[in-house]
Amino acid sequence: MSSPTSTPGGRKRGRNTNPSTPSSEGPTSPPSQRRRGQDSSTGDLMPMPTSPATDMLSPAAPQDNSLLSSPRPSGTNLLPNEVDMSSPLMYGTPSSRVEGTPRSGVRGTPARQRPDLGSVRKAPQVDLQSEPPSADGAVTSESNTGQRLVIWGTDVNVGTCKEKFQRKVMVFISVVGDPVLNVNCLHVQSFDAELYRQLICYPQEVIPTFDMAVNELFFERFPDSILEFQIQVRPYNALKTRNMRNLNPEDIDQLITISGMVIRTSQLIPEMQEAFFQCQVCAFSTRVEVDRGRIAEPSVCRNCNTTHSLAIVHNRSVFSDKQMVKIQESPEDMPAGQTPHTTIVYAHNDLVDKVQPGDRINITGVYRAVPMRANPRQSNVKSVYKTHIDAIHFHKTDEKRLHGLDEDAEQKLFTEDRVQTLKELAAKPDVYERLSSALAPSIYEHEDIKKGILLQLFGGARKDFSQTGRGNFRADVNILLCGDPGTSKSQLLQYVYNLVPRGQYTSGKGSSAVGLTAYVMRDPETRQLVLQTGALVLSDNGICCIDEFDKMSDSTRSVLHEVMEQQTLSIAKAGIICQLNARTSVLAAANPIESQWNPKKTTIENIQLPHTLLSRFDLIFLMLDPQDEAYDRRLAHHLVSLYYQSEEQIEEEFLDMAVLRDYIAYARTYINPRLSEEASQALIEAYVDMRKIGSGRGMVSAYPRQLESLIRLAEAHAKVRFSEKVETIDVEEAKRLHREALKQSATDPRTGFVDISILTTGMSATARKRKEEVAQALKKLIQAKGKTPAMKYQQLLEDLRGQSENAITKELFDEALRALADEDYLTVTGKTVRLLA
Amino acid sequence: MPSTHDWINNPLGVVEGMFAASQNNPNSGWEAKAVEFFKDHLKEKDAHTWVPSLNDVPLHYLKPNSLVKFRCLIQDMFDPEFYMGVYEAVDPSTKVLRCGKYKDVTECGVDFDSRNTVTAERQTFYCVPIPGENPWVKEISSSCLGFVQARVVPSTSYAPTRQKRSYEEDDDMDDMDTQMQREPHTGPQSPTEQHGNGDCKRRETEAPSSQTAPASHLDLNFPLPGEKGPSCLVKVYEDWDGFKLNDTLEVFGILSVSPALSALADKKDASSSLLDPTECMETAEEQRVHSPPASLVPRLHVLYAKPLPHNNPLLPSATLEDNSAFLSSTLSEMASVRAELLTFLTPILLGDALAAEYLILHLISNVYSRRDVLPLGKFTLNLSGCPTVASYTERFYQIIQQLVPSSYYLGMSLQNMNQMRFVPKKDYSANRLVSGALQLARNTSLFLDETQLEQGQLDTAGVRNVTALGNLITWQKVDYDFNYHQMEFPCNINVLIASEGRSLLPSDCQIHLQSQITPPHMEEYLSSIHVHPQASQLNKFRMYLSVARLLNYSISDEVTKSVEDDFVDMRKDDPQSISAEDLHRMLVVARLLSLSLGQTSLSRDSWLRAKHIELLRRSRMEQHTCVNGNEP
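Residues numbered from 1 in each chain as written. Chains lettered and ligands numbered in written order. Predicted model: local features only at pLDDT ≥ 70, side-chain atom pairs only at ≥ 80, totals over all residues. Heavy atoms only, no water.

Q: Give me the lowdown on the overall build of chain A, citing residues and values where you can.
A: A count of helical and extended segments in chain A gives 30 helices and 26 strands. Counting every position in chain A, which comprises 837 residues, the buried fraction comes to 54%. (Helix = DSSP H or I, 4+ residues; strand = E, 2+ residues; numbered from the N terminus. Buried < 20%, exposed > 50% of the residue type's maximum accessible area, 1.4 Å probe, protein only.)

This is the structure we're talking about:
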């Protein structure tokens, strides 16, 4: 480098006393040239011209000390460094190909270009280049020198910025052995919000500064180490924009992180960074840097003055790798009824080929907009910009899915407020009922089934016994719904499938063993054999809903054995032998063997599935038509109300599906309950009881598997409460559900037949208790109001809601009113409630 | 030309005037004002009929940069686009700020380095004419338009009466816009452009009044095979989040057919790839899809877009609530029209009045709400027992076609099931959603002809298609195939299945035709059915069906109570006879029955009548079961 400040010699402490002057430097450098970034390769090159900005700015360097706004650090070692670094010599213009290259002790380590940052910037830079000549004469003016301390067009002060980052690195990161340093922007933010803001707004300037800081720190500590190339800083997890849909013109040239799915990757593209020209006459060679995709071919040889004698030599030119990656919005982020957006991403150097189509990734990069090129032959140009992202960091979110659990991927970002809402909800005494009633509100009653499915959604706690040779314990709950046609089984399945993020829905009639597991096919593009995964593998960590379970062929059903207990899937086809994870919960629906429940047969005879499979279901629900007048009436009321209630009415009564989804996601991620001593005792007792009942005729007998089921259900119930400990109430509920599911209470133990007439009236005992409580509360409320003979219906409902801790649905309220009316306490006419006294 | 219509002929002038006026006042909000201006003008009496429609007028008769309207369906949504909202001319002598809104191409060299450049964002939708729109809709909407248009907008030089024009004549037209004329001369720069233009010329001589099928090299991506009409890239400047895929819209916007658009697209391949390696990254397919020649796929810059609740041109364009006079007059007539329609349909259904009644209910059904996953109001009808002679089903479909605004006949032949694309699929190399037959606008009638089914084997695609049809009927949704995942799009399609026996597809309601005609006379009878009733009568029917579908509906508390009581009573007698599902269906039947009579709330009478016809239908099914013996 011609500039003395950037040669190693110039970095001596004494430099302060011997500053270069602008006049001594100015003439040597043609102002139109831009400075080159690669200073470590100066040895065999002809002196490179420096940019005018550099020349103009270098004299400011000595003044830096006095002008720096940050207090001068007391450590003497830092002082000269700071002077040097804070001089924008290296970073004189934002447009220059900035290199993170400190010069001390880095002789053996080549710098590496950062094409991800070096992309073309448009409007501001030209102004900059035209400015220096005017500023040249005014070096001493205070205003000018003050400005020079920051990178042009930004408010980034290199020195302060770098110092901050070094301090930050000291705080957060120990020494790295990798030439790449990934920096979580969240840490940057918690360290210094101002630095974070600068990083987000001016990544092109700040990241090279970070590079510089890190390298300096590194070589200070390990002066003799030689790396492949200098350390590059790769920030990730910038919080500014998370969603592709939110990108807007304000994000241009800023650091963003978005999530998406890779849909296409291009071939590797060698992009010329620097062209090598050789004179055909005198073999004089010169290098020209590619500027905005253009090479300015030198027309005259500087050595022999022959015109048009220079020819490009391709294999001595410098290229960098580049790849176009197309990403598409992840389906979860999309509003309903719209198609996903796509964005082009350019990956550079070692980021090339890091991702494959189909990968879910979080990408951090700089958002760019490039105008469509003006064509020389046309005055009109398309007034549209092309946008892309220069990738700085990729994070695959599903990297480990096939092999282990990826905690990161499961982690959904919850805002403080959201967590607070969820915790408040969890603290409510009736959270279990609330959530279960929020599940598929359009489906009438079947409360226990909804509760069972709710527990399935939460799942048990994952336990690892691989140390003792047992492997992983299944944490997922499997449920079988068996019942008469037309008891809205399919609708429940469809609802669950829509609720969970990774759900699959198949019908037993239409699916083969292959469709459920995996199949091998020839990829139409590459003509290679590829493994295509089926529904069970796709719903890993989700729920696989299988309708018409009874219509499935036996061979198909048999593949479920492995999945439902070991939670893996072994495949041996077409030379591919592997074991895939299928940690999925199965929610299956089946009709009884005669399609209608036969009350003359036992439960087992009616279901008619092999024991081996039945025992793998934690809960088997019988959905029977109770055939009871009161039930019919409530059902009719429910159905009719579906057809005339407005949307708003529904919404106010039930929890939002989004809240429910978040609640489940939060509990699944953060709550990991463990058994308490009492709970273990209760479980043992419950199991012994189950064995006793199970030995009765025609019952589903209990195996040790059922003990595990009880544990899982109890854990899931504890999760619903956001409790880290499984307590006796959890076990009680698990036991109750297990019993209720099979209608064991309604089964005649002698014959094993289910007596439909003893079936509960469709309303569980707890629900009945709640109805009475609400009626009492309502009575109290009315009494408290004193002597008002008539009240508005709506007003009363709202008062009661305001007063009660529990959720009061309109139905519940109506029933309470009806109960009070039965007591002859009041009458309801239309929308007014009258007291009878 | 009357100056009052400048806003139609030169809308950009209006926009630019407002932009220029706003320069001194930065907070003037001129953009909102401009949109407001056009909205107000369109609200004026009949104003919207003055605007030429892209649906009816061939593209080459329309004046570039004039205001046009387009009745369309959003087939695909492209990525948002950043454009220069405000830019500065590079030429120092004319160094003025210019407005880039509502334009594809800048008018002069752009000073990219100017600080005054404002980048703004807009969204592009790929729109096609409403799929399956029946000929009568097109006829009526163009006939009420063509007349006015020829009078008011002479510069479009389009009169529907003129059928043929020669090439020479075309050039001689003095009032033709200059840019239009330039097109043939600038065209030859690019091979595709030339091709496109050649197409245009050929088309003019062959079929001047309608756009022909797309040229083979460019698939215009219509959902249904054999569709015609222009497709359009619609650029939306505000509130694009409010639009959904498959929405039907009437778009008022500025037509842009600048040849520079296509020229730009082509030149990139040739010369600029060296200049900028990033530009050649887009595949050729993607180029073709996202910037097709403007002569084939014009651009439309939206000033005002309104969602269409229906596409029946006979109905006034204002919503029913706003037009109470119209509403009350039609409501009072509805019962009589219904009776007429019933007598019209009964002979077509071989004299089966009950089936005709159910057919009316089916034709006015509509998914009016969804409760979590459950669509409410759908009424898929399976008409079993259709005779297979004398192409009865086709005749029957022709009648339906005369009655509803849009419909599609799908013969469920093995070949169709195995080879047709039903479900839209994302093509990642061209970055677009390749349409399928099930990408239909709301309230389209889908006629499935199961009598076409023959013995054979369904292959993988066929099974997938049948599953998609099943999902459509049960859940009123279609799972679009995005290769790596599927995405669910709710829809609202009336499915009518004509079959011999019970259909293999699920349905909400099955009715077996009871033919009053003995089989030997069938053929004779069928050929004697008059397919063409009087136009006035037909229009009455068309109006009736569309209005009935748009009415609001409620159930009073008293009726609720009696419905509940009825249900409990029925269950008491025989719990097997009626299930929750039956109640669901009866509620839908009652709703549709009330609406078909023009009643907006359920009365006791309608409920009893609904119960009665359901009873008749069920008894018929039981009879049929006995005869057939193989029904479940």
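Q: Any chance you could break down the nonpolar core for me, citing the residues and the numbers?
A: One finds Leu345, Tyr358 and Leu403 of chain B to be the most contacted residues of the largest nonpolar core, which totals 78 residues. With 10 residues, helix 19 (residues 580–596) of chain B is the largest single contributor of residues to this core. The next biggest cluster of nonpolar side chains, apart from the first, holds 60 residues, and it includes Leu493, Leu683, Ala718 and Ala741 of chain A. (Core = buried A, V, L, I, M, F, W, Y, C linked by side-chain atoms within 4.5 Å.)

Q: So what's going on with the pairing of strand 14 (residues 444–449) of chain B? Residues and values would help.
A: Residue and element names in this part refer to chain B. For strand 14, a buried count of six out of six residues is recorded, marking the element as mostly surrounded by other parts of the structure. Where burial is concerned, the two faces of strand 14 agree: the one with Thr444, Leu446 and Leu448 and the one with Ser445, Phe447 and Asp449 are both buried. Strand direction decides the pairing type here: strand 11 (residues 407–411) and strand 14, joined by five bridges, are parallel. When the bridges of strand 14 are listed, tyrosine 409 appears paired with phenylalanine 447. Note: strand 14 against strand 17 (residues 493–498), six bridges, orientation parallel. (Pairing = 2+ DSSP bridges.)

Q: Tell me what's going on with the pattern of salt bridges, and back it up with residues and numbers.
A: Should the charged atoms of two oppositely charged side chains come close, the side chains can pair. Residues and elements named next belong to chain B. Per the counting criterion, the structure on display carries 25 salt bridges over all chains. When the shortest N-O distance is used, the salt bridge between glutamate 133 and arginine 71 registers 2.9 Å. With glutamate 133 in the loop between strand 4 (118–129) and helix 5 (135–152) and arginine 71 in strand 1 (residues 67–77), this residue pair connects regions lying 62 residues apart in the sequence. Given a relative accessible area of 6%, glutamate 133 falls into the buried group. Between lysine 611 and aspartate 566 there is a salt bridge, and its shortest N-O distance comes to 3.1 Å. Of this pair, lysine 611 sits in helix 20 (residues 604–628) while aspartate 566 sits in helix 18 (residues 557–573), placing them 45 residues apart in sequence. On the basis of relative accessible area, lysine 611 is assigned to the partly exposed category, the value being 23%. The class of aspartate 566 is buried, set by a relative accessible area of 9%. Connected via shared salt-bridge partners are Asp582, Arg585, Glu614, Arg617 and Arg618. (Salt bridge = Lys/Arg side-chain N within 4 Å of Asp/Glu carboxyl O.)

Q: Provide a residue-level description of the environment of asparagine 243 of chain A, including the pertinent values.
A: All names here are of chain A. Tracing the chain through its elements places asparagine 243 in the loop between strand 2 (232–236) and strand 3 (255–265). On the basis of relative accessible area, asparagine 243 is assigned to the buried category, the value being 15%. Along the primary structure asparagine 243 and valine 355 are separated by 112 residues, whereas in three dimensions their C-alpha atoms are 19 Å apart. Excluding anything up to four places from it in sequence, asparagine 243 contacts Ile258, Glu329 and Asp333. (Contact = heavy atoms within 4.5 Å.)

Bear in mind that shape data such as this cannot, by itself, settle questions of function.
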